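Read off the chains here:
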Amino acid sequence: MLRSLLRCMQKDTVVPNISYQCMELNLYKIPDNIPVSTEMLDLSFNYLRHLGSHNFSRFPELQVLDLSRCEIKIIEDNTFQGLNHLSTLILTGNPIQSLAWGAFSGLSSLQKLVAVETNLVSLDDFPIGHLKTLKELNVAHNFIHSFKLPEYFSNLPNLEHLDLSNNKIQNIYYEDVKVLHQMPLLNLSLDLSLNPLEFIEPGTFKEIKLNGLTLRSNFNSSYVMKTCIQGLAGLKINRLVLGEFKNERKLQKFDRSCLEGLCNLTIEQFRIAYLNKFSRNDTDLFNCLANVSMISLLSIPLGSLQALLKDFRWQHLEMINCDFDKFPALELRSLKKFVFTDNKDVSSFTKTELPSLQYLDLKRNHLSFKTCCSHTDFGTTNLKHLDLSFNDVITLSSNFMGLEQLEHLDFQHSTLKQINAFSTFLSLRNLRYLDISYTNIRIVFHGIFTGLVSLQTLKMAGNSFQNNLLPDIFTELTNLTILDLSKCQLEQVSWTAFHSLPSLQVLNMSHNKLLSLDTFLYEPLHSLRILDCSFNRITASKEQELRSLPRNLTWLNLTQNEFACVCEHQSFLQWVKDQRQLLVGAEQMMCAEPVDGKVMPVLGFRNATCQMSKTIISVSVVTVLLVSVVGVLVYKFYFHLMLLAGCKKYGRGESTYDAFVIYSSQDEAWVRNELVKNLEEGVPPFQLCLHYRDFIPGVAIAANIIQEGFHKSRKVIVVVSQHFIQSRWCIFEYEIAQTWQFLSSRAGIIFIVLQKLEKSLLRQQVELYRLLNRNTYLEWEDSVLGRHVFWRRLRKALLAGKPRSPEGTADAETNPQEATTST
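None of these values were measured; they are calculated from a predicted model.

Student: Which residues make up the overall build of the protein chain, and what values do they have?
Tutor: A tally of helices and strands in the protein chain yields 17 helices and 41 strands. Burial analysis of the protein chain (823 residues in total) assigns 50% to the buried set. Accessible surface computed for the protein chain: about 39,500 Å², of which carbon and sulfur atoms make up 50%.

Printed below as a string of C-alpha cells:
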C-alpha cells in the first residue's frame, strides 16, 4: 500500500502540484501524499469501494476528479463537500448500489457529471436537482426505462447536453417532457441513440425548442421510424441527427415515407447517416428539407442528385462517402459551403453553378482536373476556401482567374502538373494558407510563389528541388509564419533562402539529408520560435555558428541525427548539454557510432575524455619528437659518439701512431712518395697511420677510421686539395677529426695544403674555410727551399707532445727547426 502511494505521477511538469495521475495502482484509499493544491486528480481503475463523508475535503482547489471504474458501491452524504471549484466529476463504470441524497452536496461549480454504467435505473433517483451550474449530464449505458424528466430539471437552467443513449427507453409521452413545456431549455441537446424506441406520443414535442436531438440506431423497422418521426411534429430544433451507426444496424429497409414527418418540424440543420438500404430513386425525400440551412449526408448510397430542386435554400451541404456515380451538377444559388469527400467512384469533376459558394471541400475523392482552376469551374467568384487534397492528377493550366478572394488552398497528396510553367499563384494576393505537400513536384522555377504577399502558412513537404538545393524562392513571402520543408531530400540550402522571412515563427526541416547545423542560415529569422531539424544527417555544428541561432528560438529538435561524438566536436557536444531547455528530446539524441559496443547518448559524452586524450596525445607527440630527434642525432653523430667512447677507453694509453693521415685517394702518390718517405725514413722517424696499410681487413671503414686512425694516433694530418674538398669520405673524416680534437686535450690537427685552392670552391666547406683562415697550416712548395722549410716545420709539429727517446733526443738537438707561419 505504501509503495502504491508513492507512484502517483505528476502529469503537469510545468506547473508543479497541479495534476496527478494515480490510475491502476491498486489503491484502497486516497493517497496521503497528494498536495492540497492539486487541481486535477485521476484515481481511475483502483479499489475505492466506499466513499465516505468529506472524502476529498483536503483538496479545496480540485477542478477535475476522475473516479472511473473504482468499484465504488457506496457514496455517502457530503462525500464531495468542500470541492467548491470542482467542474468535472467522472464516475464511469462503478456499480453504485447506494447513492445518498446528499452525495453531490457542496459542488457549487460542477458543470460536467459523467455517470455512465453506474446501474442507474431512473433519473428520479439521481440527486442532482441542486446543481444549478450543471451544463452536461451523461447517464448513457444504464438501465433507465423512462424518459420522464424529473421536476428538478427546472432547477438546471444551464443544462445544455443530456446523454441518455444506450438505455432501455421504449416510449416517450407528453408527461415525460412536461418540465420542458413549463420551462423551456432553449440550448438543450438530447441524445437518445441506441434506445429501442417504439412510440412517441404525437404532440409530445409540440412548441418545444431544442438545440439538438440525436436518434441513431433506435428503430427496428421503417414503420417504427416513420411513426416516431411523426411523433416529433411541432418540434423546433437547431440540429436533428437521424440514421444508424456503422456497426449498429437495425433497419432492414428504408423508404421515402420514413422522413415524411420531417415536414412538420422546424429544422435548421439536418444530418442522416448510414442507411444502406437507401433507394436511389428516393431523392425527392429531401423535399421536406428544402428550407434547412445545413444538410449532411454520411454513407448514404444516393448514386446521384439530379432531382434536387434549384430553389432549395441550403447554405451548407455535406456529402461524405455517398457512393456517387459522378460528380453532382449542382445549381444552388444560396449554397455557401459544400463538402464532397470520400466518394471514391467519382473520377472527373463536373462544373457547377454555385454563385454564393465560399467554402469548397473536395478532398479524398478520385477527381482529376484537366484544367484548374478558375471561377468558371465552380460557378463562383466568392470562393475563399478550396480543398482538393488526396485526389488524382490536377493540371494547373489557369492562374486562378476570378478566384482572387481565396484565403485557403490545399492540394496535398494530389499530383500537380505544370506548376513550374509560370507563376501559377500570381493573382492570389489574399491567400493565407497553401499546402502542396506530397504533390510529386520538382521545383525548378524560382518564381513559383510570386504574388503570395499575404501567405502565412506554406506546407510543401515530400517534394524535391533541383540539385537537392533549396534556392531563394520565398522573396515575396514576408508575412509567412509557418513553413514546412520536411522530406524534401534537401542536402544544401542557399545562404539567402530565408532572408525574406522576417515573420517566420515555425520552420520544419526534418527528414532531409542535411549534413551540418548551419545556423547562419537561420540568423535572419528574427521571429523564429520553433525549428525542427530531426531525422537528418547532422554530425555537429561549428562553435562560431552556434551563436547565430535566432534569439527568440524556444524549441529546437535535433533528434535522430548522426552525431559524431568525438573530441573534434567537443564545443558542440558541450553546447548540447548547456541547451537542454532549448533542445526537445535531448535525452534521445544519440551518437552515430557505438562506443564500447553500446549506443551512447550525446549527453553521456564526457569532456574529461577529451582532456585526457589531449594529454595523452601531447605526451605521445612530445615523446615521438624526442625519440625522433634523438634518433636523428644518434644517426647523424653515431661516429662521433663512437669516438667519444673510444676516447674514454684509450685516453690514458700510449699511442701507436704519431699521426693519422687524412687524404684523397687521388693524392695518394704524393702521400707515399713524399710524406711517408720523409717522415717514416727520416730522423727522428715518425709512425704514420695509413688506411691502405694499417686498417684491419673485415672491419667497417668508419670503425677503422675511428678505432685505428683516431684512437691510436697522437696527431691528425689533413692533406687538403681540390680532390679532398670534393670527396665525401674526406669531409667525413675531417668532421670526425674536429670532434676528436675537441674530446682529446692532447690532440692536434695539422693542415697541409697541397695546391692553391679557389676560394669559391673552398667556401663550399664553410667550417674548413674558417679553420684555414683562423689557424696556421703548412703549404707544399715543390722547390729546394720550400721543401726544406716544409719538412722542418712539419717535424716540429709532430714532435710536440711526443715522448723523447735517447736516439730521437740527440738528433732533435743537432737539427733545431723553427716553425714558420704561412697563411
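Read on for the rest.
Student: Please give an account of the sheet that holds strand β4 (residues 50–51) that cites residues and values.
Tutor: Pairing is parallel in the open sheet, where three strands are placed in the order β4-β6-β8. What marks the edges here is a single partner per strand, and that holds for β4 and β8 (98–99). Judged from the two bridges that link them, β4 and strand β6 (residues 74–75) form a sheet pairing that is parallel. Residue pairing in the sheet places His50 in a bridge with Ile74 of β6.

Student: I'd like to hear about the pairing of strand β15 (residues 209–216), residue by residue, with values.
Tutor: The buried count for β15 comes to six of eight residues, which makes it a mostly enclosed element. The pairing of strand β13 (residues 189–191) with β15 spans three bridges and is classified as parallel. Its bridge partner being in β15, Ser189 is matched across the sheet by Gly212. Assessed by its sense of winding, the connection that carries the chain from β15 through helix α3 (residues 222–230) to strand β16 (residues 236–243) is right-handed.

Student: So what about the sheet that holds strand β39 (residues 713–720)? Which residues, and what values?
Tutor: Strand order across the open sheet formed by five strands is β38-β37-β39-β40-β41, with parallel pairing between neighbours. The strands lining the two open edges of the sheet, one partner per strand, are β38 (688–689) and β41 (778–779). With two bridges joining them, strand β37 (residues 657–662) and β38 adopt parallel strand pairing. Each residue of the ladder has a partner; that of Ala659, found in β38, is Leu688.

Student: Talk me through unusual backbone geometry; I want residue IDs and the actual numbers.
Tutor: The omega angle of the peptide bond from Cys372 to Cys373 is 5 degrees, so this bond is cis rather than trans. The topology assignment puts Cys373 in the loop between β21 (359–361) and α4 (375–378). With an omega of -5 degrees, the peptide bond between Val683 and Pro684 qualifies as cis. By the element assignment, Pro684 lies in the loop between α9 (668–680) and β38. For Arg69, which is not glycine, the phi dihedral falls at a positive 50 degrees. Its place among the elements puts Arg69 in the loop between β5 (64–66) and β6. Since its relative accessible area comes to 33%, Arg69 is described here as partly exposed.

Student: Please give an account of the pattern of salt bridges that cites residues and values.
Tutor: Per the stated rule, a full pass over the model turns up 15 salt bridges. For Arg49, the salt bridge goes to Glu71, with nearest N and O atoms at 3.2 Å. In this pair, Arg49 is assigned in the loop between β3 (40–42) and β4 and Glu71 in the loop between β5 and β6, connecting sequence segments 22 residues apart. The partly exposed category is assigned to Arg49, whose relative accessible area is 37%. Two residues, Asp387 and Lys363, come together in a salt bridge whose shortest N-O distance is 4.0 Å.

Student: How would you sum up the state of the cysteines? Please name residues and give values.
Tutor: Counted under the stated rule, the structure contains three disulfides. Between Cys565 and Cys591 runs a disulfide, and the two sulfur atoms are separated by 1.9 Å. Here the S-S torsion is close to -90 degrees, and the disulfide linking Cys565 with Cys591 is therefore left-handed. Remark: Cys591 occurs in the loop between β36 (583–584) and α7 (607–636) and Cys565 occurs in the loop between β35 (555–557) and α6 (570–578); sequence separation between them is 26 residues. Judged by its relative accessible area of 5%, Cys591 is buried.

Student: With reference to specific residues and values, describe the pairing of strand β17 (residues 266–273).
Tutor: Sheet analysis places β16 next to β17, joined by seven bridges and oriented parallel. Across the sheet, Val241 pairs through a bridge with Arg271, a residue of β17. Direction of pairing for β17 relative to strand β18 (residues 294–298): parallel, over a ladder of five bridges. Looking at β18, one finds that Phe270 is bridged to Ile295.

Student: Describe α9, with residues and values.
Tutor: Here α9 spans only 16 Å end to end across 13 residues, well under the 18 Å set by a 1.5 Å rise per residue. Taken together, the buried positions of α9 are occupied by Glu668, Trp670, Val671, Glu674, Leu675, Val676 and Leu679. In this structure, the buried residues of α9 make contact with β37, β38, α10 (691–694), β39, β40 (748–753) and α16 (784–799).

Student: Describe the side chain of Thr214, with residues and values.
Tutor: Within the secondary structure, Thr214 sits in strand β15. Take Thr214: its relative accessible area is 19%, and that puts it in the buried class.

Student: I'd like a rundown of the side chain of Asn218, residues and numbers included.
Tutor: Relative to the assigned elements, Asn218 resides in the loop between β15 and α3. On the basis of relative accessible area, Asn218 is assigned to the buried category, the value being 2%. From its side chain, Asn218 meets the backbone oxygen of Leu192 in a polar contact 2.5 Å long. In terms of polar contacts, Asn218 uses its side chain to reach the backbone amide nitrogen of Arg216, at 2.7 Å.

Student: A description of the packing of aromatic side chains should follow, citing residues and the corresponding values.
Tutor: Considering all chains together, one arrives at 26 aromatic pairs under this definition. Ring geometry for Trp670 versus Phe790: centroids 6.4 Å apart, planes at 75 degrees, classification edge-to-face. Residue Trp670 is found in helix α9, and its partner Phe790 is found in helix α16; the two are separated by 120 residues along the sequence. For Trp670, a relative accessible area of 13% gives the class buried. Among the aromatic side chains, those forming a connected cluster through ring pairs are Phe324, Phe327, Phe338, Phe340, Phe349, Phe369 and Phe378. Directly above the ring of Tyr359 sits Lys337, whose terminal nitrogen or CZ lies 4.4 Å from the centroid.

Student: Please give an account of the packing of α9 against α16 that cites residues and values.
Tutor: Where α9 meets α16, the axes come as close as 11 Å, and the angle between the chain directions of the two elements is 65 degrees. Read as a crossing pair, α9 and α16 show a hand that is right-handed. Residues Trp670, Glu674, Leu675, Asn678 and Leu679 of α9 pack against Arg787, Phe790, Trp791, Leu794, Arg795 and Leu798 of α16. Looking at the contact of α9 with α16 residue by residue, the class counts come to seven nonpolar, one polar and three charged.

Student: Requested: an account of helix α11 (residues 701–710), with residues and values cited.
Tutor: Of all ten residues making up α11, eight are buried, and the element is well covered by its neighbours. Regarding α11, the residues found buried are Ala702, Ala703, Asn704, Ile705, Ile706, Glu708, Gly709 and Phe710.

Student: Outline the confidence of the model for the protein chain, listing residues and values.
Tutor: Per-residue confidence for the protein chain averages 86 on the pLDDT scale, and 86% of its residues sit at or above 70. This model gives residues 1–6 a pLDDT under 50, and the stretch forms eight contacts once residues within four places in sequence are excluded. Below pLDDT 50 for its whole length, residues 807–823 participates in 24 contacts with residues either more than four positions away or in separate chains.

How each quantity is defined
Residues numbered from 1 in each chain as written. Predicted model: local features only at pLDDT ≥ 70, side-chain atom pairs only at ≥ 80, totals over all residues. Heavy atoms only, no water. Helix = DSSP H or I, 4+ residues; strand = E, 2+ residues; numbered from the N terminus. Buried < 20%, exposed > 50% of the residue type's maximum accessible area, 1.4 Å probe, protein only. Areas by Shrake-Rupley, 256 points an atom, 1.4 Å probe, with all protein chains shown as cover. Pairing = 2+ DSSP bridges. Right-handed = clockwise from strand over helix to strand, strands pointing away. Salt bridge = Lys/Arg side-chain N within 4 Å of Asp/Glu carboxyl O. Disulfide = S-S within 2.5 Å. Expected span 1.5 Å × (residues − 1). Contact = heavy atoms within 4.5 Å. Polar contact = N/O pair within 3.5 Å; in protein donor to acceptor, adjacent residues only side chain to side chain. Phe/Tyr/Trp six-rings, centres within 6.5 Å; stacked < 30°, edge-to-face > 60°. Lys NZ or Arg CZ within 6 Å of the ring centre and 35° of its normal. Axes fitted to C-alpha atoms, helices over the stretch in contact; angles between N-to-C directions. Left-handed = near helix turned anticlockwise from the far one by under 90°. Nonpolar A, V, L, I, M, F, W, Y, C, P; charged D, E, K, R; others polar. pLDDT = per-residue confidence, 0-100.

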